[in-house]
Amino acid sequence: MQILIKKSTAAFLLIAMANLVVAFFAYFILPPKFFYDAAVIAFDKFNEVGYIGSYPLTILFYKITGLRYLPFPVVALIQFPILMYVLYKIGVPDNFEKVNIKNILVYLGFFMIAIYIAMPSKEFITFLFIAFLIFICMNERFTVNKKRFLTIVLLFIFGALYRPYFALIPVLMLGMYLVSFIKFKKKTISTIFYGLLITIFLSLSYGVLKGKHFSEISRETVNISRIGSADANSIILSPVKPDTWYGEVVAVFYGFFTVNIPVNGFKHILSPQIIVFVVWQLLLFYILLVRFSKCLKDRKKYPNELFIILILFSFFIIQGVFEPDLGSAVRHKIGIFPLIYFALYYEHFRKELQ
């Protein structure tokens, strides 16, 4: 019996298998700094295991599953196929085998999954959670409003239990959605701009209540102790200290552009991994910006896609506030890769669901 496999599916499987090899050998090739988080999670030297917070819950997950007791290359052989299977279940777009900019971005995404989260990682859990949201949005049994309600509730829960800044995504997303109804000449750029203003308002409000702004308690706190160290090559430090209202305004805009439109990253010419990320991020941001514009122009035709892209750009804005360096920016982007994957190929998935 002859089994026929579509070219796109064959390409997906071949690229996945090639990167499985990368995932396995990464431990033997990459410098130790790539595995700092993995070591914290696997060995739990400070007994952080618990039920609230990203590190405690991740450590608990790897303890319960027994993965913490396995060598990192073996963990890669288990985790990477799971991540690829999740993307496969989301769907393999037609023409995936053709070499174009969009597909190259995804091919590189597979490679970065192999490098960054085929090991004990908080992003492994984030990846699975984000994929679950995608499956909800693709479920034809749910109405559009039910999909949105479930997604928002789950984001709040995930933020409360795992990563607090995820709880800000629904707030920012709703604000951007409402702003998008205002008639601007450049609606897409204006919507993102007002998303940044909403973030600034939230941060300044937090500063009034707690005494410190968002970027001050996260990015700046982490990076001040790292200045001058060997791991400080790509840290993100605002040109103005975020301990005043105007300093936080500068910090939010600076962080957003550094993480999402990182043209200043070209200064790291001697760090090829950073240059690759910069090019990948610039192309990705441009394509998603075009997708966002298309969804805003015809929101009735693309209700699911608009919702997904609003989540994505809300994350991009919030990431610019909390991200300490370009290295962690890559890792966290890959953690939400199912969102990126769906947004890049939403035309294909929309047709599949019709």
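Everything discussed here concerns the structure shown above.
Quick look at the structure, then.

Rules behind the numbers
- Residues numbered from 1 in each chain as written.
- Predicted model: local features only at pLDDT ≥ 70, side-chain atom pairs only at ≥ 80, totals over all residues.
- Heavy atoms only, no water.
- Helix = DSSP H or I, 4+ residues; strand = E, 2+ residues; numbered from the N terminus.
- Buried < 20%, exposed > 50% of the residue type's maximum accessible area, 1.4 Å probe, protein only.
- 1 Å grid on protein atoms, 1.4 Å probe; cavity = no way out; pocket = protein on both sides within 12 Å on 5 of 7 lines; lining within 4 Å.
- Points joined across faces, edges and corners; volume = space filled by probe spheres on them.
- Nonpolar A, V, L, I, M, F, W, Y, C, P; charged D, E, K, R; others polar.
- Salt bridge = Lys/Arg side-chain N within 4 Å of Asp/Glu carboxyl O.
- Expected span 1.5 Å × (residues − 1).
- Contact = heavy atoms within 4.5 Å.
- Core = buried A, V, L, I, M, F, W, Y, C linked by side-chain atoms within 4.5 Å.

### What about unusual backbone geometry?
Right, on to step 1. Residues other than glycine seldom take positive phi values, yet D44 does so here, at roughly 45°.
Right, on to step 2. Turning to its location among the elements, D44 is positioned in the loop between α2 (36-43) and α3 (54-65).
Right, on to step 3. Given the relative accessible area of 10%, D44 is considered buried.
Right, on to step 4. The phi dihedral of N95 falls on the positive side, at around 65°, and the residue is not glycine.
Right, on to step 5. Positionally, N95 belongs in the loop between α4 (72-90) and α5 (101-116).
Right, on to step 6. The class for N95 is partly exposed, based on a relative accessible area of 39%.

### Let's talk about empty space enclosed by the protein
Right, on to step 1. All chains considered together, the criterion is met by two cavities of 30 Å³ or more.
Right, on to step 2. Space inside the largest cavity adds up to approximately 50 Å³.
Right, on to step 3. Lining the largest cavity, in full, are D37, A38, I41, M119, P120, S121, K122, E123 and R331.
Right, on to step 4. Taken together, the elements giving at least two residues each to the lining of the largest cavity come down to α2 and α6 (122-138).
Right, on to step 5. With three residues, the single largest contributor to the lining of the largest cavity is α2.
Right, on to step 6. Considering only residue class, the lining of the largest cavity consists of four nonpolar, one polar and four charged.
Right, on to step 7. By volume, the second largest cavity is sized at about 40 Å³.
Right, on to step 8. As for the second largest cavity, its lining consists of A23, F24, A26, Y27, F35, F72, P73, A76, A114, A118 and M119.
Right, on to step 9. Looking at the lining of the second largest cavity, the elements that each hand over two or more residues are α1 (7-29) and α4.
Right, on to step 10. Counting residues per element, the lining of the second largest cavity draws most heavily on α1, which supplies four residues.
Right, on to step 11. For the lining of the second largest cavity, the per-class residue count stands at 11 nonpolar, no polar and no charged.

### A word on the pattern of salt bridges
Should the charged atoms of two oppositely charged side chains come close, the side chains can pair.
Right, on to step 1. In this structure the tally under the stated criterion is five salt bridges.
Right, on to step 2. Here R163 makes a salt bridge to E123, at a shortest N to O gap of 2.7 Å. Separated by 40 residues along the polypeptide, R163 in the loop between α7 (144-161) and α8 (168-179) and E123 in helix α6 bring together distant segments of the chain.
Right, on to step 3. Judged by its relative accessible area of 5%, R163 falls in the buried class.
Right, on to step 4. Exposure remark for E123: the relative accessible area of 2% places this residue in the buried category.
Right, on to step 5. Across the salt bridge formed by E347 and K294, the nearest N and O atoms sit 2.8 Å from each other.

### Notes on α8
Right, on to step 1. With 12 residues, α8 ought to run about 16 Å at 1.5 Å a step, and its terminal C-alpha atoms sit 17 Å apart, in line with that.
Right, on to step 2. Every buried residue belonging to α8 is among L168, I169, P170, L172, M173, G175, M176 and V179, and all of these are buried.
Right, on to step 3. Elements that come into contact with the buried residues of α8 comprise α7, α9 (187-210), α10 (214-224), α12 (272-297) and α13 (303-322).

### Structural notes on the nonpolar core
The nonpolar side chains of a soluble globular protein tend to be buried, and buried together.
Right, on to step 1. If you look at the biggest cluster of nonpolar residues, it comprises 108 residues, and the most contacted ones within it are L87, F96, I113, F313 and F337.
Right, on to step 2. With 13 residues, the single largest contributor to this core is α13.
Right, on to step 3. Excluding residues that lie within four positions of it along the chain, F337 makes contacts with L87, V106, G109, F110, I113, F127 and W280.

### Brief notes about the layout of surface pockets
Right, on to step 1. Put simply, the largest pocket is a space of about 1300 Å³.
Right, on to step 2. Elements that contribute at least two residues to the lining of the largest pocket include exactly α2, α3, α6, α9, α10, α12, α13 and α14 (326-335).
Right, on to step 3. Among the elements that make up the lining of the largest pocket, the one with the highest residue count is α14 (six residues).
Right, on to step 4. Counted by class, the lining of the largest pocket contains 21 nonpolar, 10 polar and 11 charged residues.

### Examining α9
Right, on to step 1. When the terminal C-alpha atoms of α9 are compared, their 34 Å separation across 24 residues agrees well with the 34 Å that a helix rising 1.5 Å per residue should span.
Right, on to step 2. Residues of α9 that are buried sit in contact with α8, α10, α11 (245-260), α12 and α13.
Right, on to step 3. Immediately downstream of α9, the backbone of G211 shows phi near 95°, a positive value.

### Some thoughts on the environment of I261
Right, on to step 1. Residue position: I261 is located in the loop between α11 and α12.
Right, on to step 2. Considering only alpha carbons, one finds I261 and V278, 17 residues apart in sequence, at a separation of 7.9 Å.
Right, on to step 3. Contact partners of I261, with chain neighbours within four places excluded, come to F256, L282 and F285.

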